[in-house]
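Summary of structural features
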Amino acid sequence: MSSTADALTARWLHGVVREADLGLLDGLAGLTGEPVRPVRAAGLVAVVSRVPLAEYGEEALRRNLEDLAWLEWAARAHHRVVDALGRAGAVVPARLATVHHDDRRVVDSLTERRADLAGLLDRLTGRGEWGVKGYVVPGAVPRAEEPTASGGPGAAYLRRRRAQLTAREDGQRAAGAAAAEVHEALARHAVAARRHAPQDRRLSGAPTAMALNGAYLLDTATLAAFAGLVEALGARHPELRLELTGPWPPYSFVADGPTEPALTVREPA
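Anyway, here's the lowdown on the structure attached to this text. The structure presented is a predicted model; accordingly, all values stated were derived computationally and were not measured.

Focus: the overall build of the protein
Scanning the protein from terminus to terminus reveals 9 helices and 10 strands. In the protein, which comprises 269 residues, the proportion classed as buried is 41%. Excluding contacts between residues fewer than 6 apart, the proportion of contacts in the protein whose partners are at least 24 apart in sequence is 77%. For the protein, the accessible area works out to roughly 14,400 Å², and carbon and sulfur atoms hold 52% of it.

Quick word on the sheet that holds strand β9 (residues 240–248)
On the basis of which strands lie adjacent, the open sheet formed by 4 strands has the order β7-β8-β6-β9 and antiparallel pairing. A single partner strand is all that each edge strand has here, and the edge strands are β7 (192–195) and β9. Taken over all neighbouring pairs, the strand axes of this sheet differ in orientation by 20° on average, direction set aside. With 7 bridges joining them, strand β6 (residues 127–136) and β9 adopt antiparallel strand pairing. By the bridge assignment for β9, Val132 is matched with Leu244. Relative to the sheet, helix α9 (residues 223–236) contacts β6, β8 (210–219) and β9, its axis offset from that of β9 by approximately 165°.

A closer look at the nonpolar core
Core analysis: the biggest nonpolar cluster contains 20 residues, and Val16, Leu44, Ala46, Val48, Val92, Leu110 and Leu117 have the highest contact counts within it. Listed by contribution, the elements that provide at least two residues to this core are β1 (9–18), β2 (37–41), β3 (44–52), α5 (103–112), α6 (114–124) and β8. When residues of this core are assigned to their parent elements, the largest contribution, 4 residues, is made by α6. Core analysis: the next-biggest nonpolar cluster, separate from the first, contains 19 residues, Trp130, Ala178, Leu229 and Leu233 among them.

Here's the deal with the side chain of Asp102
Looking at the element boundaries, Asp102 is found in the loop between β5 (98–100) and α5. With no salt bridge to any partner, buried Asp102 finds its closest opposite charge in Arg104, at an N-O distance of 4.7 Å. Side-chain polar atoms of Asp102 contact the backbone nitrogen of Arg104, separated by 3.2 Å.

Topic: the pattern of salt bridges
As a working rule, side chains carrying opposite charge can pair if their charged atoms are close by. A complete count under the given rule lists 10 salt bridges for this structure. The partner of Arg241 in a salt bridge is Glu243, and the shortest N-O contact between them spans 3.7 Å. When salt bridges with common partners are traced through the structure, they connect Arg11, Arg37 and Asp103 into a single cluster.

Considerations on the pairing of β1
Moving residue by residue along a regular strand, the side chains alternate between the two faces of the sheet. Of all 10 residues in β1, 9 are buried; the element is thus mostly enclosed. The pairing of β1 with β3 spans 9 bridges and is antiparallel. From the neighbouring strand, Gly15 faces β3, where its bridge partner is Val47. Strand direction decides the pairing type here: β1 and β5, joined by 2 bridges, are antiparallel. Counterpart to Arg11 in the pairing with β5 is His100. Pairing between β1 and strand β4 (residues 92–93): 2 bridges, direction antiparallel. Following the sheet pairing, Val16 is matched in β4 by Val92.

Regarding the environment of Ala77
By the secondary structure assignment, Ala77 is in helix α4 (residues 68–88). A sequence separation of 63 residues divides Ala77 from His14, and the C-alpha atoms of the two residues are 9.6 Å apart. Ignoring sequence-local partners within four residues, the contact set of Ala77 consists of His14 and Leu31.

Quick word on the packing of aromatic side chains
For the structure shown, the criterion picks out 4 aromatic pairs. Relative to Trp73, the ring of Trp70 has its centre 6.0 Å away and its plane inclined at 55°; by these criteria the two rings are tilted. Within this pair, Trp70 and its partner Trp73 are both found in helix α4, separated by 3 residues, close to a single helical turn. When its relative accessible area of 15% is taken as the criterion, Trp70 is described as buried.

Things to note about α5
Along an α-helix, residues three or four apart share an orientation, since each turn contains 3.6 residues. Taken together, the buried positions of α5 are Arg105, Val106, Ser109 and Leu110. Buried positions in α5, seen along its axis, are confined to an arc of 140° and lie on one side of it. Taking the backbone nitrogen of Arg104 as reference, a side-chain oxygen 3.2 Å away marks Asp102 as the first, capping residue of α5.

Re α4
An ideal rise of 1.5 Å per residue puts 30 Å on 21 residues; α4 measures up with 30 Å between its terminal C-alpha atoms. Those residues of α4 that sit buried are Trp70, Leu71, Ala74, Ala77, His78, Val81, Val82, Asp83 and Leu85. Next to the buried residues of α4 lie β1, β3, α2 (53–56), α3 (58–64) and β4.

Definitions and cut-offs
Residues numbered from 1 in each chain as written. Predicted model: local features only at pLDDT ≥ 70, side-chain atom pairs only at ≥ 80, totals over all residues. Heavy atoms only, no water. Helix = DSSP H or I, 4+ residues; strand = E, 2+ residues; numbered from the N terminus. Buried < 20%, exposed > 50% of the residue type's maximum accessible area, 1.4 Å probe, protein only. Contact = heavy atoms within 4.5 Å. Areas by Shrake-Rupley, 256 points an atom, 1.4 Å probe, with all protein chains shown as cover. Pairing = 2+ DSSP bridges. Axes fitted to C-alpha atoms, helices over the stretch in contact; angles between N-to-C directions. Core = buried A, V, L, I, M, F, W, Y, C linked by side-chain atoms within 4.5 Å. Lys, Arg positive; Asp, Glu negative; His and termini not counted. Salt bridge = Lys/Arg side-chain N within 4 Å of Asp/Glu carboxyl O. Polar contact = N/O pair within 3.5 Å; in protein donor to acceptor, adjacent residues only side chain to side chain. Phe/Tyr/Trp six-rings, centres within 6.5 Å; stacked < 30°, edge-to-face > 60°. Arc of directions from axis to C-beta. Expected span 1.5 Å × (residues − 1).

Here it is in structure tokens:
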């Protein structure tokens, strides 16, 4: 690419890995469809996509991040690269929409943050992030028997409605307590744990509410035991349906992981 054309592009950062054989980057497409590329410095490798400044500069990005369809597309494209890197070894995922103005700014960032990034890569080597979601199981909490009373159809209807609301509240409380117990038990068997806010049903796609949205950093060797624990906890807490997912890139266990969409445009000093 010519220097003139290069001046019109920025660098979308996907993640940072160690200096290694990066043959896995061959054919791996970035945000705009062209291959991702490495930028090396301080014994580390930043994996970036070239993106046009006209569409990925600060103001353009702010507009794009308000477009939910664009945001979903960008998140998927970003994750596809991070996931490929994570399957090959330890990776520090970049926060979504971290854009550097040019290669020099990428090099400066790697150099400035070398100690932190190297420490994170050491901590993540041989480990992966796994998720456990707990969905409320309606009717799993026994209902108290309604007292027999008179008062006609209207009074009977009100009693039924009150009993239904009470049962629903009891079920929600029981599911919340069970979710806390499950998370504490799983956290004791993980290197690190995070409890995120439950996802809305429109996002989770589940027919019932989510009570637990946990993330757990696991040594690879402990995965089978952890999966067995999830199964045992599910049997112990019928008010929750537990779902184990992963492995995921360690978004939850890096300082700048994309728990929420963020905009970081780094321009020349």
